[in-house]
Amino acid sequence: MAGAKKKKSASELLTAGLTAIANSGIDRVTVTDVTEISQVSRPTFYTYYGDIHGYFAEMWLHFGVDWLNFQVGKPLPESLGISGELAVQEFDQAILEIFVAARRIPELREVVEPDLEAWWKNQTANEAAKELNLSWKLAVILGQKLSSNVSKKSELALAFLYAFDVSEDWQKDPRFAELLSTPKTEFELSPLDLGQNDVESHLSAAAVAVVAASGVANASMTRVARRARLSTGSVYPRFKNVETLIERSFAKVMERLIAANIQLAKSRGRSLESYGTFVNAGLLPGRKIWRNFRSEMHLEAMHSKEVAQLMAPAFTATAQQLQADIAREHVPDHLAEAASWLMHDQAIGISVLFGLLPRIGDLDHRVMLLNLNKHLHK
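Just so it is clear, the model here is predicted, and its values are computed rather than measured.

A. Broad picture of the overall build of the protein. Of the regular secondary structure elements, the protein holds 16 helices and zero strands. A burial count over the protein gives 52% of its 378 residues as buried. In the form shown here, the protein has an accessible surface area of approximately 17100 Å², with 52% of it arising from carbon and sulfur atoms.

B. The nonpolar core, seen in detail. Tyr55, Phe56, Met59, Ile98 and Phe99 are the most contacted members of the largest nonpolar core, which has 88 residues in total. Among the elements that line this core, the one with the most residues is helix H15 (residues 333-356), at 12 residues. With sequence-adjacent residues up to four places away left out, tyrosine 55 is seen in contact with Leu13, Leu14, Ala16, Gly17, Val34, Phe45 and Tyr49. Membership of the second largest hydrophobic core comes to 33 residues, among which are Ala206, Val235, Ile246 and Val307.

C. How the structure looks around the packing of aromatic side chains. Enumeration over the complete set of coordinates arrives at 16 aromatic pairs. Seen from their ring centres, phenylalanine 63 and phenylalanine 91 are 5.8 Å apart, and the 75° between their planes marks the pair as edge-to-face. Of this pair, phenylalanine 63 sits in helix H4 (residues 52-71) while phenylalanine 91 is found in helix H5 (residues 85-101), placing the two residues 28 residues apart along the sequence. Here phenylalanine 91 falls in the buried class, since its relative accessible area comes to 0%. Through pairs of rings, three or more aromatic residues link up here, namely Phe45, Tyr46, Tyr48, Tyr49, Tyr55 and Phe56.

Criteria and thresholds
Residues numbered from 1 in each chain as written. Predicted model: local features only at pLDDT ≥ 70, side-chain atom pairs only at ≥ 80, totals over all residues. Heavy atoms only, no water. Helix = DSSP H or I, 4+ residues; strand = E, 2+ residues; numbered from the N terminus. Buried < 20%, exposed > 50% of the residue type's maximum accessible area, 1.4 Å probe, protein only. Areas by Shrake-Rupley, 256 points an atom, 1.4 Å probe, with all protein chains shown as cover. Core = buried A, V, L, I, M, F, W, Y, C linked by side-chain atoms within 4.5 Å. Contact = heavy atoms within 4.5 Å. Phe/Tyr/Trp six-rings, centres within 6.5 Å; stacked < 30°, edge-to-face > 60°.

Purely spatial values, then, with no claim about function.
Dropping the structure here:
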């Protein structure tokens, strides 16, 4: 009887975490949230898991691989006991948040990373074409889910999931002959530069770095000031709270980044195919802080309407610019719009994947853009 009771309590606790994370966000869930939902005592919680991050790690071990399979269309096993639309939504969102946060939480990374690597090898046999197809499919799926509160148009990208079908013998395709003769990364995107050498710019750069390293909910004025090598007292006259500072920093980053990318695109070409070079370059060290900051902002937007509204105009403007560039290649407007949001979703998702699976940085993502271009012109 005691063993059955213990087993039941552990199962209830793990399932309760799905609701807790979906309701509050992974960085704001407390032990109290979990025990109140599950009606299990705090001592029982600490006996099983030690702390909240240990608990999240156990959630991954219980649900993680089934969640990965679910992303690529496989049904959830009945043994998980998850049924009904709301329960499935909570499951999907909660484990997604664990997956995103695993990059920066050691207790999660040490279980998520090896599971992902094993699952990836099983899916692709580490063959380049299969890895390209899966990396783009999974990136778009994850990026769309993370972007759903920022723009409903992110759903348009899902119409292209069929297009990730690079063949195993793609290197024999004459369309790729010229591609293979050039380096897959011809340039490295510069690190984020917020411009002026003043206190506010230093604080913005520090806020971006802190969020990138720890998430929005874990950022504080003290941490930002320390990162900027300034006193906390020098922050408050300029920003009333850390939320205001993060919002201002996001706006400044997007303004500078969009301007820099447009200038680079003008010099390098603005075709859909040229975007593949940007994907390759975006995974290099120079954009690490930006990649992680962007992922964390999208994670926060899943729970904050204010953050989602803050982000929407900048990403919509970027998608519109991409749409115009793609349409110039004689692609119908509706397809160009969908492809522009595919680029957005893929960029978010590939950053998350790359943080846990660095091997996808070795792939030549230009191949996928050439392949996608083929589908757009059918």
